Every structure is written in structure tokens, then in C-alpha cells.
Amino acid sequence: GAGVSQSPRYKVAKRGQDVALRCDPISGHVSLFWYQQALGQGPEFLTYFQNEAQLDKSGLPSDRFFAERPEGSVSTLKIQRTQQEDSAVYLCASSLAPRGSSQETQYFGPGTRLLVL
Amino acid sequence: GQQLNQSPQSMFIQEGEDVSMNCTSSSIFNTWLWYKQDPGEGPVLLIALYKAGELTSNGRLTAQFGITRKDSFLNISASIPSDVGIYFCAGRRTDKLIFGTGTRLQVFP
């Protein structure tokens with residue numbers, strides 16, 4: 001496809017369940033970002049990959065959050081033992097250029113809406 | 001987490017009116033970006049600003065990078081119904097984007 005895709009679009013989980021959210025970036029994009037967007041707020045950075053290397057995970061809120069991009073394309077964000085405060089939209093973005101370069105333009109996917117009951 | 005101050009929080013305007021919103025920060029940024037987010041979708045980049053004082057237009061949209069590098073504004077001229085959505089500013093130093101709290105725009109015919 002032409003853009004960033006994410007699946008599932010909606011996820012309802014019971015508190016304590018593990019969830020896995022998938023991101024398919026634009027083909028050939030080097031950089032991949034995950035963001036968390038709480039209701040009524042702007043997106044907040046979670047983690048950054050350059051190809052398969054996770055170069056920045058400073059935004060991950062706890063060790064229950066784990067992300068991977070093993071082959072430098074598709075990425076998965078996993079949340080273990082979900083809590084109600086994890087309810088949010090999780091956005092993925094990709095960019096052709098490495099983070100911080102003047103050519104960096106992030107293209108966002110539609111997001112996964114996670115509701116933890 | 002850190003979010004930039006964006007105002008107004010929401011706007012209700014009539015079709016054809018001009019709109020202005022701004023974003024301020026206590027920190028200096030090297031790049032200012034403006035995004036629009038429609039319900040159920042991710043943010044879409046509208047305008048990117050790379051230099052202090054820069055004024056850039058994209059159709060009916062005009063944005064400026066403040067001289068102090070701590071603020072930016074976005075103007076929309078002659079609003080139309082499809083301008084409805086949430087507008088976010090974002091600042092970048094060398095690495096991560098810091099987003100604003102958003103301005104929700106409603107346009108009435």
C-alpha cells in the first residue's frame with residue numbers, strides 16, 4: 001500500500017492481558033516511530049527504530065512496553081499485563097530519512113485504539 | 001510527558017472566516033511542524049518550518065516560525081467545511097517531536 005498501515009484498528013483487552021500492535025511502514029522507510037495519544041491530547045513519543053536497531057526507547061512508560069522491528073520493516077509494539085491507564089491510541093509513523101536529518105518527514109498510520117477494561 | 005502550549009483549545013467559526021492558532025514553548029526548537037488530524041486517522045503534515053522567521057504558505061494555510069524559536073502560528077484563510085479537525089503543532093530539536101495539545105476547529109456553513 002501507499003501509506004503506513006496499522007492493525008488491529010481497534011483492540012479491547014481485559015486488564016492483565018497482553019496485547020500486540022502491528023505497524024507496516026512505507027516500503028523502504030528507514031525510520032519508524034511509535035507514539036501514544038491519550039484522549040484529547042497530542043501524540044507522545046514512545047520509541048524509535050532506525051532499520052532494525054532500536055535507538056531510542058526513552059518514551060516507553062514502563063517495562064511492560066516492548067517494541068521490536070527484527071527485519072527493519074514491520075514493527076510490533078507489545079504491552080504486557082495491560083492496565084486501564086494504557087487505554088489510548090497508539091500511532092506508528094515512518095520516515096525515509098534517519099531521525100534528525102533535514103529530510104525527515106514522518107508519515108503517520110491511522111492508529112490502533114486500545115481500550116483496557 | 002512534555003506537550004507544547006497550543007491555543008485556542010477549540011474554535012467554532014463560520015465558513016469563509018479566517019482562523020489563527022498558535023503554539024508556544026519554553027524551549028527552543030530547530031523545526032516547527034503543523035499537522036491536521038481527522039477523526040479516526042493519524043496526523044497529516046500540513047506545513048514544515050526550518051528557519052527562525054520563516055513564513056511558509058500551503059494553499060490557504062500560512063505558518064510562521066517565531067523569531068525567538070519558541071513559538072509558531074498557523075493561519076487558515078477563507079475556511080471551508082473540510083477544514084474541520086484537530087490541528088497540532090510539533091517542535092523538533094535534533095531528535096524527537098514534541099506535540100502541542102491541539103486546537104479543535106469546527107466550521108459551520
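The sections below set out a description of the structure shown in this document.

## Comments concerning empty space enclosed by the protein
No. 1: Inspection of the entire model under this criterion finds one cavity of 30 Å³ or more.
No. 2: Estimated volume of the largest cavity: approximately 40 Å³.
No. 3: As for the largest cavity, its lining consists of Glu104(A), Thr105(A), Gln106(A), Leu33(B), Tyr35(B), Leu45(B), Ala48(B), Tyr50(B) and Arg92(B).
No. 4: Put simply, the parts of the chain that give the lining of the largest cavity at least two residues each are strand 4 (31-37) and strand 5 (44-49) of chain B.
No. 5: Counted by class, the lining of the largest cavity contains five nonpolar, two polar and two charged residues.

## A word on the layout of surface pockets
No. 1: The computed volume of the largest pocket comes to approximately 590 Å³.
No. 2: Residue lining of the largest pocket: 28 residues in total, with Gln37(A), Leu39(A), Gly40(A), Ile86(B) and Arg104(B) positioned closest to the centre.
No. 3: Secondary-structure elements contributing two or more residues to the lining of the largest pocket are strand 9 (88-95) and strand 11 (112-116) of chain A together with strand 9 (85-92) and strand 11 (103-108) of chain B.
No. 4: Tallying contributions element by element places strand 11 of chain B first for the lining of the largest pocket, with four residues.

## Here we look at the pairing of strand 6 (residues 55-58) of chain B
Looking down a regular strand, the side chains alternate between one sheet face and the other.
Residues and elements named next belong to chain B.
No. 1: Pairing analysis gives four bridges linking strand 6 to strand 7 (residues 61-65), with the strands arranged antiparallel. Its bridge partner being in strand 7, Leu55 is matched across the sheet by Gln64.
No. 2: Linkage of strand 6 to strand 7, two consecutive antiparallel strands, is achieved through a turn of two residues, within which Gly59 is found at a positive phi near 65 degrees.

## Some words on the sheet that holds strand 1 (residues 5-7) of chain A
Residues and elements named next belong to chain A.
No. 1: Spatially, the four strands line up as an open sheet ordered 1-3-8-7, and their pairing is antiparallel. A single partner strand is all that each edge strand has here, and the edge strands are strand 1 and strand 7 (65-68). Sheet twist, expressed as the mean angle between neighbouring strand axes with direction ignored, is 15 degrees.

Thresholds, definitions, all that
Residues numbered from 1 in each chain as written. Chains lettered and ligands numbered in written order. Predicted model: local features only at pLDDT ≥ 70, side-chain atom pairs only at ≥ 80, totals over all residues. Heavy atoms only, no water. 1 Å grid on protein atoms, 1.4 Å probe; cavity = no way out; pocket = protein on both sides within 12 Å on 5 of 7 lines; lining within 4 Å. Points joined across faces, edges and corners; volume = space filled by probe spheres on them. Helix = DSSP H or I, 4+ residues; strand = E, 2+ residues; numbered from the N terminus. Nonpolar A, V, L, I, M, F, W, Y, C, P; charged D, E, K, R; others polar. Pairing = 2+ DSSP bridges. Axes fitted to C-alpha atoms, helices over the stretch in contact; angles between N-to-C directions.

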